[in-house]
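Reading the structure
In case you want the letters, here they are:
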Amino acid sequence: MLNIINKSPLSGNSLDSCLNVATGGEILLIEDAVYAATSGSSFEKKIREAMGRFRIYALLPDIEARGLADRVIEGVSTVGYDGFVDLVVANRNCQSWL
Amino acid sequence: MSEEGIKKFMFVNRKAPYGTIYALEALEVVLITAAFDQDVSLAFLDDGVYQLKKGQQTKGIETKNFSPTYRALEGYDIEKLYVEKESLDARGLSEEDLLVDVTVLSRAEMGNLMEEQDVLLSF
């Protein structure tokens, strides 16, 4: 499954819930969720732990828009809109965690 | 897909009622989906479990109490309601506090059930 998150992990529990409930697969961080993909945040540890169970992607245009392109956590793959589409196509189902 | 043309739809409810419009909107879409003879289930986790709390009285906030609708879902052949146990526990609730019959699942069971779905819609 592709899990899509669009909220900051510091102001909502969407990403936490996804990490707790989802069985594995892929996570794509978009919009304000890209803050979760940056080093130095209090969420970094959880992202690093999650890498054992999930492949984690973040949408580069959203990272760049927020001035964070130089601090993406190592192991998080950045993708463009074309990569977003590829992820949706490659997975049997997807869930947007609102 | 289990049968020709029938997909497994799961509506994932993670928001409390009344504070935002998500819970009511989810119910509206669930009822629409029921008209298309699909395999529909509802999942309740996080604050979404509050949607099913017995005894909701909304007169004081001048808002429609839509909680009786959950009991009417059976009439639309929607009988698969799943509630995550960890979310109930975290809120001091148990199955007896809920206004409709549900299946209580562990977090892991909920994750597996989500994996089986064809379509997941989150509210």
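Parameters and conventions
Residues numbered from 1 in each chain as written. Chains lettered and ligands numbered in written order. Predicted model: local features only at pLDDT ≥ 70, side-chain atom pairs only at ≥ 80, totals over all residues. Helix = DSSP H or I, 4+ residues; strand = E, 2+ residues; numbered from the N terminus. Buried ≥ 20, exposed ≤ 12 C-beta atoms within 10 Å, placed from the backbone. Contact = placed C-beta atoms within 7 Å. Rg over C-alpha atoms; globule rule 2.2 N^0.38 Å. Pairing = 2+ DSSP bridges. Axes fitted to C-alpha atoms, helices over the stretch in contact; angles between N-to-C directions. Nonpolar A, V, L, I, M, F, W, Y, C, P; charged D, E, K, R; others polar. Right-handed = clockwise from strand over helix to strand, strands pointing away. Core = buried A, V, L, I, M, F, W, Y, C linked by C-beta atoms within 7 Å.

Overview of the overall build of chain B
Per the secondary structure count, chain B includes four helices and five strands. For chain B, the proportion of its 123 residues judged to be buried stands at 32%. Taking the contacts inside chain B whose residues are at least 6 apart along the sequence as the reference set, 72% of them involve residues at least 24 apart.

A look at the overall build of chain A
Summing up its helical and strand segments, chain A has four helices and five strands in all. Scaling as 2.2 N^0.38, a compact globule of 98 residues should have a C-alpha radius of gyration of about 13 Å, and chain A matches this with 12 Å. C-alpha extents for chain A along the principal axes are approximately 30 × 30 × 25 Å. Going through the 98 residues of chain A one by one, you find that 34% of them count as buried.

What to know about the sheet that holds strand β3 (residues 54-59) of chain A
Residue and element names in this part refer to chain A. Within the open sheet, the five strands sit side by side as β4-β3-β2-β1-β5. Their pairing is parallel. The open sheet is flanked by β4 (77-79) and β5 (94-97), the only strands paired with a single partner. Averaged over all pairs of adjacent strands, the angle between their axes in this sheet comes to 25 degrees, without regard to strand direction. Of the pairings in the sheet, the one linking β3 to β4 comprises three bridges and is parallel in character. Counterpart to Tyr57 in the pairing with β4 is Ser77. The strands touched by helix α1 (residues 14-21) within the sheet are β1 (2-5), β2 (25-29) and β5, with β1 carrying the most contacts at an inclination of about 160 degrees.

Quick word on the interface of chain B and chain A
Opposite the 14 residues of chain B that make contact, chain A presents 12 residues. No other element matches helix α4 (residues 107-116) of chain B, which puts six residues into the side of chain B that touches chain A. Counted by class, the side of chain B that touches chain A contains five nonpolar, four polar and five charged residues.

Observations regarding the pairing of β1(A)
When a strand is regular, its side chains alternate between the sheet's two faces. All names here are of chain A. What you see with β1 is no split at all: Leu2 and Ile4 on one side and Asn3 and Ile5 on the other are buried throughout. In the sheet, β1 pairs with β2 via four bridges, with the strands oriented parallel. By the bridge assignment for β2, Ile5 is matched with Leu29. With α1 bridging β1 and its parallel neighbour β2, the resulting β-α-β unit is right-handed. Direction of pairing for β1 relative to β5: parallel, over a ladder of four bridges. If you follow Ile4 over to β5, its bridge partner there is Ser96.

Notes on the nonpolar core
In this structure, Leu29(A) and Val34(A) are the most contacted members of the largest nonpolar core, which totals 53 residues. In this structure, Val34(A) is in contact with Leu29(A), Ala58(A), Leu59(A), Asp62(A), Ile63(A), Arg66(A) and Leu68(A), ignoring residues within four places of it in sequence.

Considerations on the environment of Ala37(A)
Relative to the helices and strands, Ala37(A) resides in the loop between β2 and α2 (44-50). C-alpha separation for the pair Ala37(A) and Thr78(A), spaced 41 residues apart in sequence, amounts to 9.5 Å.

Observations regarding the pairing of strand β1 (residues 8-13) of chain B
Residue and element names in this part refer to chain B. Burial within β1 is extensive, with five of its six residues counted as buried. Bridge count between β1 and strand β2 (residues 39-44): six bridges; the pairing is parallel. Its bridge partner lying in β2, Phe11 is registered against Leu42. A crossover connection joins β1 to the parallel β2 through helix α1 (residues 22-34); in handedness this β-α-β unit is right-handed. With four bridges joining them, β1 and strand β5 (residues 119-122) adopt parallel strand pairing. Within β5, the position partnered with Phe9 by the bridge is Val119.

Regarding unusual backbone geometry
Residues and elements named next belong to chain B. A positive phi angle, near 75 degrees, is found at Tyr18, a position not held by glycine. With a phi angle near 50 degrees, Asp46 is a residue other than glycine that sits in the positive phi range. Tracing the backbone shows Asp46 in the loop between β2 and α2 (68-72).

Distances and angles like these do not, on their own, reveal function.
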